[in-house]
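Fold and geometry: a report
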Amino acid sequence: MTTDALYQELNYVNHSREKRLYYAKMLLNDSALIPKTLDILFKIDDKISARAAWILEFMCGENLEAIIPYLDRFTDQMGLVHLDSAERPVAKICEYIAKAYYGNSPSKLKKALLPIHREKIIEACFDWLINDCKVAPKAYSMTTLYLFGQDYDWIHPELVQILQRDFTSQSAAFKARAKHIFEKLKV
């Protein structure tokens, strides 16, 4: 399938779990579609890019290791994503990556995730946290930053400072996740 054909297919993806899972499995069954999905995802001003992000998120939820060959590209360009409906799944993928990296289960991701990838994820997460975006990317970023803060000693103090500064002006969902992070950090 060409990138153009995949783009046309993505017109049929909606928020339903069934559709997103169908296309995620399509990516897993034909890994040649993954870079094409990234091509569409990084058409950052196109509303179809969000649909590419949805199916990429679902693919990562099913098999996170499928993203390993594309970590360079994903981490290089993820910070460019700015549509609300695309930021959420990209931030969720970052959370998946952080949880797998710090999890107890064996994962090829632990070896594949280089310091440069981690640094770019950290940068994007701080951007989502401090910029005016929806609460979901902020919440996923909090968890991701908390986890990466285990190896980067400067992250936790910065994270706490931002969360405390924004706490009163944010939504209930933001406050709930921030409280969870405060408990973990014993703040």
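Throughout this description, residue numbers start from 1 for each chain and increase along the sequence as written. For a predicted model such as this one, the threshold for reporting local features is a pLDDT of at least 70, and the threshold for listing and counting side-chain atom pairs is 80 or more; totals across whole chains, interfaces and linings nevertheless cover every residue. The basis for the side-chain values is all heavy atoms of the structure; hydrogens and waters are excluded.

What follows is about the side chain of E95. Helix numbering and strand numbering both begin at the N terminus, where a helix is a DSSP run of H or I of at least 4 residues and a strand a DSSP run of E of at least 2. If you trace the backbone, E95 turns up in helix α6 (residues 84–102). The contact criterion used throughout is that any non-hydrogen atoms of two residues lie within 4.5 Å. When residues no more than four places from it in sequence are discounted, the contact partners of E95 are Y140, T143, T144 and R177.

Right, let's get into the nonpolar core. Side chains of a nonpolar character, in soluble globular proteins, are inclined to be buried together. In this structure, L41, L56, M59, F74, I97, F148 and L163 are the most contacted members of the largest nonpolar core, which totals 69 residues. With sequence-adjacent residues up to four places away left out, L56 is seen in contact with L27, I34, T37, L38, L41, I67, F74 and I93. Only buried residues count toward a nonpolar core. Its members are Ala, Val, Leu, Ile, Met, Phe, Trp, Tyr and Cys residues joined through side-chain atoms within 4.5 Å. For the exposure calls, accessible area comes from a 1.4 Å probe over protein chains only, and a residue counts as buried if that area is under 20% of its type's maximum, exposed if over 50%, partly exposed in between.

When a carboxyl oxygen of Asp or Glu is within 4 Å of a side-chain nitrogen of Lys or Arg, the pair counts as a salt bridge. Scanning the entire structure with this criterion turns up eight salt bridges. The residue D39 makes a salt bridge to R73 at a minimum N-O spacing of 2.7 Å. Taken together, the residues D39 in helix α3 (residues 33–41) and R73 in helix α5 (residues 71–77) connect sequence positions 34 residues apart. Overall, the relative accessible area of 30% leaves D39 in the partly exposed class. Classification of R73 by relative accessible area gives partly exposed; the value is 27%. For E57, the salt bridge is made with R88, and the minimal N-O distance between the two is 2.6 Å. One end of the pair, E57, is in helix α4 (residues 48–62); the other, R88, is in helix α6, and 31 residues separate them in sequence. Counted as one network, the salt bridges with shared partners bring together K92, E95, K99 and R177.

Moving on to the packing of aromatic side chains. Pairs of aromatic rings are described using the distance from one ring centre to the other and the angle between the two planes. Within 6.5 Å between ring centres, the rings of Phe, Tyr and Trp (the latter by its six-membered ring) count as paired, and their orientation is classed by plane angle as stacked under 30 degrees, edge-to-face over 60, tilted in between. The final tally for this structure, using the stated rule, is six aromatic pairs. The interplanar angle of 80° and the centroid separation of 4.9 Å between the aromatic rings of Y101 and Y102 together place this pair among those described as edge-to-face. Note on Y101 and F148: the rings are 6.4 Å apart at their centroids and 40° apart in plane angle, and the pair reads as tilted. Of this pair, Y101 sits in helix α6 while F148 is found in helix α9 (residues 135–148), placing the two residues 47 residues apart along the sequence. Of the two residues, Y101 and F148, neither departs from the other in class, the shared state being buried. One aromatic cluster is present, built from ring pairs that chain together Y101, Y102 and F148. The rule for a charge over a ring is simple: NZ of Lys or CZ of Arg within 6 Å of the ring centre, and within 35 degrees of the ring normal. Here the guanidinium or amino end of K175 rests over the ring plane of F167, the centre of that ring lying 5.8 Å away.

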